[in-house]
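Here is what each chain is made of, one letter per residue.
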Amino acid sequence: MDQRRSVSDLFNPLRPESNRNPPLYPSLIPKTLISLPKRGQNPSGAQKPPAMETTVSYQRFPKVRIREMKDEYCKFELRETDASMANALRRVMIAEVPTVAIDLVEIEVNSSVLNDEFIAHRLGLIPLTSDNAMRMRFSRDCDSCDGDGQCEFCSVEFHLNVCCDSDQTLDVTSADLRSAEASVIPVDLAVKALAMESSSTSYEAAEQRGIIIVKLRRGQELRLRAIARKGIGKDHAKWSPAATVTFMYEPDIHINEDLMETLSLDEKRAWIESSPTKVFDLDPNTGQVVVVDPEAYTYDDEVIKKAEAMGKPGLVEINAKEDSFIFTVESTGAIKASQLVLNAIDVLRQKLDAVRLQDAEENDFSELKAHLG
Amino acid sequence: MVAQESDPVVDYKTLTVPVKSAVDKFDLLPAFLKVRGLVKEHIDSFNYFIDHGIHKIVEANKRLVCVHDPTLFLEYKRIYVGNPTVHVDLVEQKITPQMCRLSDRTYAAPIFVDVEFTKGNQPNKQIEQRQRMQIGQMPIMLRSSHCVLRGKDEAELAKLGECPLDPGGYFIAKGNEKVILIQEQLSKNRIIIDRDSKGRVSASVTSSTHETKSKTVFFMEKDKIYLQLNQFSKPVPIMIILKAMGIESDQEIVQMLGRDPRYGSLLLPSIQECYSEKIYTQKQALDYLDEKAGSTGAARARIRKEGEARKIIRDIFLANVPVSHGNFRPKCIYAAVMLRRMMDAILNSDTMDDKDYVGNKRLELSGQLMSLLFEDLFKTMNTHALEHVNSAYSKSNSAMLDFTSVLQRFSPITQGLERAISTGNWDLKRFKMHRKGVSQGLCRLSFIAALGHMTRISPQFEKTRKVSGPRALQPSQWGMLCPCDTPEGEACGLTKNLALMTHVTTDEEEGPIISVCQSLGVQDLASLSGEEIHSPTSFLVIFNGLILGKHKDPKRFANAMRKLRRKGKLGEFVSIFVNDQQRCVYVASDGGRVCRPLVIADEGVSRIKEHHMKELRDGVRCFNDFLRDGLIEYLDVNEENNAVISLYEHQDKDLNGEKNEVDRKSITHVEIEPFTILGVCAGLIPYPHHNQSPRNTYQCAMGKQAMGNIAYNQLFRADSLIYLLVYPQRPLLTTKSIELVGYDKLGAGQNATVAVMSYSGYDIEDAIVMNKSSLDRGFGRCITMKKYSVLKEKTDRIIRPQNEQNKQILDADGIAAPGEIIRNHDIYVNKQSPKNPRDSSALKDQVYVDSNAKYKGVEGETTVVDRVLLCSDTDDKLSIKCIIRHTRRPELSRINSREERKRSGMEKGGVGGMEEGGAKEQKGMEEE
């Protein structure tokens, strides 16, 4: 556990209110605190930019506490860092963590009602299991296939061959896609297989029919070859592994107990009711207003307005803790939510490395300056 | 909630009164639309023309007789229209509308006549008969009584390649769908009192009969009244006209106007003028008029024979009033009534007619316009045949001479009808009608656009500016014409749209109605003296603009007529209107009146009860049963003036518990559904009554631009350009109209989640910032399909490609293969034409030059050959149509891209908006 806090933190201009952060109570210290992976042999602020010859270090040691973790869902706290970091992480998760998705479709026969581009687009949007995506190559810089993207290192081939010969409408689904590689299959099939494995009783998952691509009536046929490639969400949303990634500031709620005691029980109740979400409650024994769920607060200012309307400004003080974030990550299933976070950190680090390398080579901040105006 | 007895605001007594369950009459609407369809007025009108109108035209012109030999003749016995067919290689083949659309044909059916005729010029001729002689082809309106789609269910329509939601009501001319717009006109054969451009009070009648069309105007200038008629070179004093019609006594004239001395004094200057001209007798008057007759020069007037004026007065002056056996009396009385109304208007300007009043207007529908066109062409055909026979008779002594062969050889009907419909030019010299843009290509931008186009009413006059009267919303258009749906700008308020339940009447047989009137106690005009006509105890009865007689008890007469109508003994669209001010009862059965159904209420109690509605829901009762049982009736604009219509069932107390000011007993009708005052386009707006009114008007125009689905057969159509949405959605919120119209089945647009935030920077009006991921996932993705046609002349050839450049997408037959990606400069039909088309002898390769069709597209776009259609056109030439498809995603507002602007020279605005990651285009701009 890394409980160090460098003295310089107190002087950090980016954290004017850092001293107002209450220390972590022992009971709140999480069981799993992971500190972000350190860069090799460079711990604390040893690597200072040569341009900035100051004694002040901006390096911080963010902490992560995982609250909930499932395959497709993950909720964690990120502390002791600032919004730029949290947002960078969020954006990388959405747009820059690579996955595999169908990118090239060769249609042999299509007598369905949907046209070729339509089907190609729909195929592209099917999420594929992409656990290997980090190790794969982008087809544009694949050496073994000269960038035409049809080799084992950068692509996975799929085949689809469906023909309807009954009077009933036939659904062509992701289950009809035949993959050349067992590790890259439509996500819903992988989930189904997993469910079948773990418990034979869960029919629910087994009955799912897969993602519908097109419906065929008698005599219609769809035959195609598709190539899935590695890509990132920035290029097309089909490569985004994230369904939703959000973070919120942790609220810091202080009730002015003295002022609160001047309210009658009915007034307290009315005040509590004024919040659209259940943040406060009345202790049935003591009649005191207590904060039950600070994270339910949506920064709507309703309680503050209510307090002002009641003639008690300053009844409650709510501030966002500017260095604590609560992340919610939902994955499409292409990679596990936890893996998504780790991959995002990896990608982020690679990007930073790229900046640093460029830095060392050219010592040129022109691009950065251009961005800063 | 705890009830507090002391609460003064709420009166609990009114709350506890049981709520009367109002009968929900909404179900009547779908029933109405099921019976009538959305464009019933077009179809009804065309059906009337095909089933009745055409017979009348032929009946009126049925005999052709050679001038030299009265025994050489032809008589039309019967006329009828067959089923839509087409001749292919001399074989008659049934056609469907979809076939016509795809192969550029006209959807038309043969017109047959049964004739009796004599042949040659031998002395004793045999009367021969001929059945089913074809004289031309009649374009058939879709879903009309002669259309193959009539009465077909959804599955059958699908088999014919037709969309079940398509309303029909348009024609297909040379493969193009054409709508004949509803034309708005001033009533024919009615007296209109108005101020003319010089501010004079005038009374005018536009007469229109099968024989003549004329306009008679009375006007007052310097206290004297004159008649203006095109046939007279100058305005003629009215007294002279009256004298010419045989009323020589001034006293009788004054009596005819009425006994009020004010009328007499107003007429005095006119009487004096007549005397100053020294005209006292009918003979003098006629001589005077003979002089004035003729619109050009005195030279021509001198050649005119005597009696010209008499002819004019008989046939042209107030042509709608018939003169039988030289009896001018009805005409005199009519003129007197006109004068009287004019004087009323002078004495009291409130009695002036309002030209913008919907009751003074008639809507001319496709049936009437087709009927005019047909009449003109039919007469042209007959006169041509007559001329030919007359000249041939005198020249040769051919025994074979007969009318049928001439008619077969020359028939302008097919050509004429087709040309008029496809160009929209109604040029009928015979009827002095020169109108352009009568028919328009049906707007297939979206389903709603097509529907909206069918209900459009084009204005009567040119779009003259300044005058605001005709543009203003008329109170009388309530329920008949949509108050919202009108374009902005030039045609604002002039172009209108029908409301949802409006019906436009067709002509009805007059004879039976007249006899009903007479048996109900209308005193005939012939038996009345001038004095008696305007006696203060009686009302005039006017039927279709003709004075029928007078009635002592107008209220009883009107009620009796209405009762007969409700019983079904009289046509359902006959209107009876008592005008207390003019002391007239107007009975009307003419075509072109707008009317709408209303629930009859006896002393405020609706006749429709819950059990009726239950029967309707159970399918035992249909809309026509309601009509037959006298629960519902049609009221036209005039008759609405005699009715008190409540929006909902009458409540004795309003919501606040206060007494309703309207007396229940005064209510005569209840509205079926209030929202039916809106038209098809305005019906799509949810909660329109919460909007600022121009917003609704804007939406009416914009709803048509929405992209989405056009019809169920959209992928099998060959329109020149179609825009479709890849993922169209149903609106989240539907209105009742949306369900009725079927918009929920053919939606246009997508439901977007929009966050609205006021913040500096993005506060540009009418713009939206879009999420790039949603565009990636298919939001706003659209398909455009464009048609490229190639006509292969008989001498041309299409050859197999030899692996040349730009010919990769061609099939072995030399035509592009469906499904191939087509790029700029690709050839899609590998056609060659001979250098000299006339030289057909040696067809060697050298003789031919390339005349292939090259695709011009935008570099970098992926367009695909969607379909290729091969068909032979009407000249038996091979027509090749390639439908080329392009799938597009919303792009950063194109107008901002300089590159784009250079390329296309300020294209029309694309999708306004920006994308988060759409930096490509922006980057492109920076680089320039």
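The present account deals with the structure reproduced in this document. Predicted model only: the values in this text are computed from it and were never measured.

The interface of chain B with chain A comprises 14 residues on the first partner and 13 residues on the second. Of the roughly 1100 Å² buried between chain B and chain A on both sides combined, carbon and sulfur atoms contribute 46%. Looking only at chain B, the three residues that lose the most surface to chain A are Tyr727, Asp776 and Arg777 of chain B, adding up to 41% of its buried area. Viewed at the interface, chain A and chain B are joined by one salt bridge. Among the ionic pairs, glutamate 117 of chain A bridges to arginine 885 of chain B, the shortest N-O distance being 2.2 Å. There are eight residue pairs in polar contact (both at pLDDT 80 or more) connecting chain B and chain A. Those elements giving two or more residues to the side of chain B that touches chain A turn out to be helix 25 (772-776) and strand 42 (878-888) of chain B. The leading source of residues in the side of chain B that touches chain A is helix 25 of chain B, at three residues. Among the residues forming the side of chain B that touches chain A, the class breakdown is five nonpolar, four polar and five charged.

All right, on to a nonpolar patch on the surface then. Residues and elements named next belong to chain B. Judged by side-chain polarity, Leu445, Leu721 and Tyr723 come together as a nonpolar surface patch covering roughly 240 Å² of accessible area. One can find leucine 721 in strand 32 (residues 721-725). Accessibility expressed as a relative area gives 39% for leucine 721, which makes it partly exposed.

A word on the pairing of strand 34 (residues 782-792) of chain B. Residue and element names in this part refer to chain B. Relative to strand 34, strand 32 runs antiparallel, the two sharing five bridges. From the neighbouring strand, tyrosine 723 faces strand 34, where its bridge partner is threonine 784. Across 11 bridges, the pairing between strand 34 and strand 42 is antiparallel. Within strand 42, the position partnered with lysine 786 by the bridge is isoleucine 884.

Looking now at the sheet that holds strand 41 (residues 863-872) of chain B. One open sheet holds the five strands; their spatial order is 32-34-42-41-36 (chain B), and the pairing between them is antiparallel. Each end of this open sheet is capped by a strand with a single partner; those strands are strand 32 and strand 36 (821-822) of chain B.

Turning to the sheet that holds strand 8 (residues 176-180) of chain B, a few remarks are in order. All names here are of chain B. If you trace the three strands from one edge of the open sheet to the other, you get 7-8-18, paired in antiparallel fashion. Every interior strand has two partners, whereas the edge strands, strand 7 (171-173) and strand 18 (439-441), have only one. Pairs of neighbouring strands in the sheet enclose a mean axial angle of 45°, with direction left out of account. Relative to strand 18, strand 8 is paired through three bridges, and the arrangement is antiparallel.

Residues and elements named next belong to chain B. Position of lysine 881 relative to the elements: it lies in strand 42. Given the relative accessible area of 0%, lysine 881 is considered buried. Only 2.3 Å separates the side chain of lysine 881 from the backbone oxygen of leucine 102, close enough to count as a polar contact. Other than its neighbours up to four places away in sequence, lysine 881 contacts Arg101, Leu102, Ser103, Asp104, Lys787, Tyr788, Ser789, Arg867, Val868, Leu869 and Cys871.

What counts, and at which threshold
- Numbers given for residues are sequential positions, taken from 1 along each chain in its written order.
- Each chain gets a letter, beginning with A, and each ligand a number, beginning with 1, in the order they are written.
- pLDDT decides what is reported in this predicted model: residues at 70 or higher carry local features, side-chain atom pairs at 80 or more are listed and counted, and totals for whole chains, interfaces and linings draw on all residues regardless.
- Here the side-chain values reflect all heavy atoms present in the structure, with hydrogen atoms and water set aside.
- Whether two residues are in contact is decided by their heavy atoms: any pair within 4.5 Å suffices.
- Summed over both partners, the accessible surface that disappears when two parts come together, traced with a 1.4 Å probe, is what is meant by buried area.
- The salt bridge definition used is simple: a Lys or Arg side-chain nitrogen within 4 Å of an Asp or Glu carboxyl oxygen.
- Here a polar contact is recorded for every N or O atom pair within 3.5 Å, except that within protein the pair must consist of a potential hydrogen donor and a potential acceptor, and residues adjacent in sequence are included only if both atoms are side-chain atoms.
- Runs of H or I in DSSP of at least four residues are treated as helices and runs of E of at least two as strands, each being numbered from the N terminus.
- Residue polarity follows a fixed list, in which Ala, Val, Leu, Ile, Met, Phe, Trp, Tyr, Cys and Pro are nonpolar, Asp, Glu, Lys and Arg are charged, and the others, Gly among them, are polar.
- Within the patch definition used here, like charges are joined within 9 Å and nonpolar side chains (Val, Leu, Ile, Met, Phe, Trp, Tyr) within 5 Å, considering only residues with over 30% relative accessible area and no salt bridge.
- With residues, only the protein chains shown are counted as cover, and all accessible areas are computed by Shrake-Rupley using a 1.4 Å probe.
- Relative accessibility under 20% of the residue-type maximum defines a buried residue, over 50% an exposed one, and the middle range a partly exposed one, all with a 1.4 Å probe and only protein chains included.
- Strand pairing requires that DSSP identify at least two bridges connecting the strands.
- Inter-axis angles, ranging from 0 to 180 degrees, are taken between N-to-C directions of lines fitted to C-alpha atoms, where helices are fitted over the stretch in contact.

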